[in-house]
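# Architecture and fold: a report
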Amino acid sequence: MPESIIEVQDLHKTYREGLLGRKQVNALRGVSLSVPRGSVFGLLGPNGAGKTTLIKVLLGLVRRSSGRGTMLDRPLGDRNGRKKVGYLPEHHRFPRHLTGNSAMIYYGGLSGMSRREVLAKRPELLERVGLAKWGNTPVHKYSKGMQQRLGIAQALLHNPDLLILDEPTDGVDPVGRADVRRLLKQLQEEGKTIFLNSHQLQEIELVCDQAAILAKGRVQRHGTIEEITQHPHARIEFTLRGSIDEMQYALTEEETEPWEVEFEDVARVVVSAEDQATINRCLDRLRAKQIDIIEMKRMRTSLEDAFLHIVSEETVE
Ligand SMILES: Nc1ncnc2c1ncn2[C@@H]1O[C@H](COP(=O)(O)OP(=O)(O)OP(=O)(O)O)[C@@H](O)[C@H]1O
């Protein structure tokens, strides 16, 4: 088992609202998960699932109602555990009057760094995020992608081991997203762990090694992207040549998706197979009917399909 940088067990958070706190919102209802050190970990979930609450509990910005955990080998909420964390909040806005350079000094100061320390690190960090030439430009002239990259640069100032990024590519165009992805991969290669909250499922699929899907305050699925996208039944796409009638006859007992006839004697069909024995049976019947198997490939579910399936499965309370 790889070492965990974040480990939480049975985390609950209930917000209380209204007069005397009578109205309760159960934002986290027993969240358990572990984030391997050195991974890029994606936290996914529909609106209101509890993602930001989980991040805030990890950072000690919101007090948990119950549960336990560790972050960077310290108990949850421990101030020393937070010193090695870089954080990019959701919808963050830099004050308009700051430039890239002055923003780095301002935010470095907030995490206790002296001006001299920031000045020593700033050129390299701005270079890394592709903003070396933009240091003197006011941030209100930056594109959304540039602002997010500056946000990541400020989160890296104190050389954290763990980066927690809440929607880092929100509102960023595809080119900007590819830049952010490249940067995250580089940071991972340097040994940093990245915990990413994102709505962009494709983004998570491209950049993350592991993910957790949160819905209604509970972890619905947790594992590598491969594990999450594994379909319970294998789906095999066959491209076949021969008599279309004979093909259909050979596969009458199987669960197939609509046939696509490409030419008069070539067709493509997807067969759902519960196990290898089902696949073998299909092959035997097709061969017995003298059908040529031109191609056979196992289909993967996209993370988006898996996400929609998991979220629609979850029970409504
Ligand atoms: N300070 C608060 N007081 C009361 N309820 C809150 C508070 N913060 C969040 N909630 C509620 O807790 C639940 C989880 O909210 P949270 O913001 O953690 O979800 P999320 O998954 O981050 O959603 P989104 O993707 O929309 O940002 C929601 O029902 C939300 O309305």
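That block above? That's the structure.
Figured I'd write up the structure that's included with this text. Just so it is clear, the model here is predicted, and its values are computed rather than measured.

It is worth spelling out the sheet that holds strand 5 (residues 74–75) at this point. Read across the sheet, four strands follow the order 2-1-4-5 without closing on themselves; strand pairing throughout is antiparallel. Looking along the sheet, the strands with just one partner apiece sit at the ends: strand 2 (23–36) and strand 5. Pairing geometry for strand 4 (residues 66–71) and strand 5, over two bridges, is antiparallel. Following the sheet pairing, Thr70 is matched in strand 5 by Pro75.

For the α-helix, the turn length of 3.6 residues means that residues three or four positions removed from each other point alike. Look at helix 4 (residues 115–128): 20 Å from first C-alpha to last across 14 residues, which is about the 20 Å you get at 1.5 Å a residue. If you check which residues of helix 4 are buried, you get Val118, Arg122, Leu125 and Leu126. Where helix 4 is buried, its residues meet helix 3 (100–110) and helix 5 (144–156). Once helix 4 finishes, Gly130 follows within two positions and takes phi at roughly 75°, a positive value.

Taken as a whole and judged by the stated rule, the model has 16 salt bridges. Taking the shortest distance from any N to any O, the salt bridge between Arg177 and Glu203 comes out at 3.3 Å. One end of the pair, Arg177, is in helix 6 (residues 174–189); the other, Glu203, is in helix 7 (residues 201–207), with 26 residues separating them in the sequence. Pair check on accessibility: Arg177 and Glu203 agree, each one buried. Across the pair Glu262 and Arg268 runs a salt bridge whose closest N-O atoms are separated by 2.1 Å.

Let us now look at the pairing of strand 8 (residues 193–197). The element strand 8 is largely enclosed, with a buried count of five among its five residues. Neither face of strand 8 is left uncovered, since the one carrying Thr193, Phe195 and Asn197 and the one carrying Ile194 and Leu196 both have all their residues buried. Where strand 3 (residues 40–44) lies against strand 8, four bridges are found, and the strand directions are parallel. The partner of Gly42 across the bridge, within strand 8, is Leu196.

Each packed pair of helices is defined by two parameters, the angle between the axes and the distance between the axes. Contact geometry for helix 3 and helix 4: axes closest at 9 Å, N-to-C directions at 130°. Compared by their axis directions, helix 3 and helix 4 come out oblique. Between helix 3 and helix 4 the crossing geometry is right-handed. Taking contact as the criterion, the partners of Asn101, Ser102, Met104, Ile105 and Gly108 in helix 3 are, on helix 4, Arg115, Val118, Leu119, Arg122, Leu125 and Leu126. Residue classes in the contact of helix 3 with helix 4 are distributed as six nonpolar, three polar and two charged.

Before going further, it helps to spend a moment on the nonpolar core. With 45 residues, the main nonpolar core has Met104, Leu150, Leu184, Leu187, Ile194, Leu196 and Ile204 as its most contacted residues. Take this core: its biggest share by element is six residues, from helix 5. If sequence neighbours within four positions are ignored, Met104 has contacts with Val118, Arg122, Leu125, Leu126, Leu150, Ala153, Gln154 and Leu157. Ranked by size, the runner-up nonpolar core spans 26 residues in total, among them Leu11, Val31, Leu58 and Leu76.

What follows covers the environment of Asp265. Within the element layout of this structure, Asp265 appears in the loop between strand 13 (260–263) and strand 14 (266–273). Accessibility expressed as a relative area gives 32% for Asp265, which makes it partly exposed. Each C-alpha atom, one on Asp265 and one on Thr53, is 57 Å from the other, the two residues being 212 residues apart in sequence. Setting aside chain neighbours within four positions, we find Asp265 in contact with Leu240, Arg241, Gly242, Ile244 and Met247.

Analysis parameters
Residues numbered from 1 in each chain as written. Predicted model: local features only at pLDDT ≥ 70, side-chain atom pairs only at ≥ 80, totals over all residues. Heavy atoms only, no water. Pairing = 2+ DSSP bridges. Helix = DSSP H or I, 4+ residues; strand = E, 2+ residues; numbered from the N terminus. Expected span 1.5 Å × (residues − 1). Buried < 20%, exposed > 50% of the residue type's maximum accessible area, 1.4 Å probe, protein only. Contact = heavy atoms within 4.5 Å. Salt bridge = Lys/Arg side-chain N within 4 Å of Asp/Glu carboxyl O. Axes fitted to C-alpha atoms, helices over the stretch in contact; angles between N-to-C directions. Parallel < 35°, antiparallel > 145°, perpendicular 65-115°, else oblique. Left-handed = near helix turned anticlockwise from the far one by under 90°. Nonpolar A, V, L, I, M, F, W, Y, C, P; charged D, E, K, R; others polar. Core = buried A, V, L, I, M, F, W, Y, C linked by side-chain atoms within 4.5 Å.

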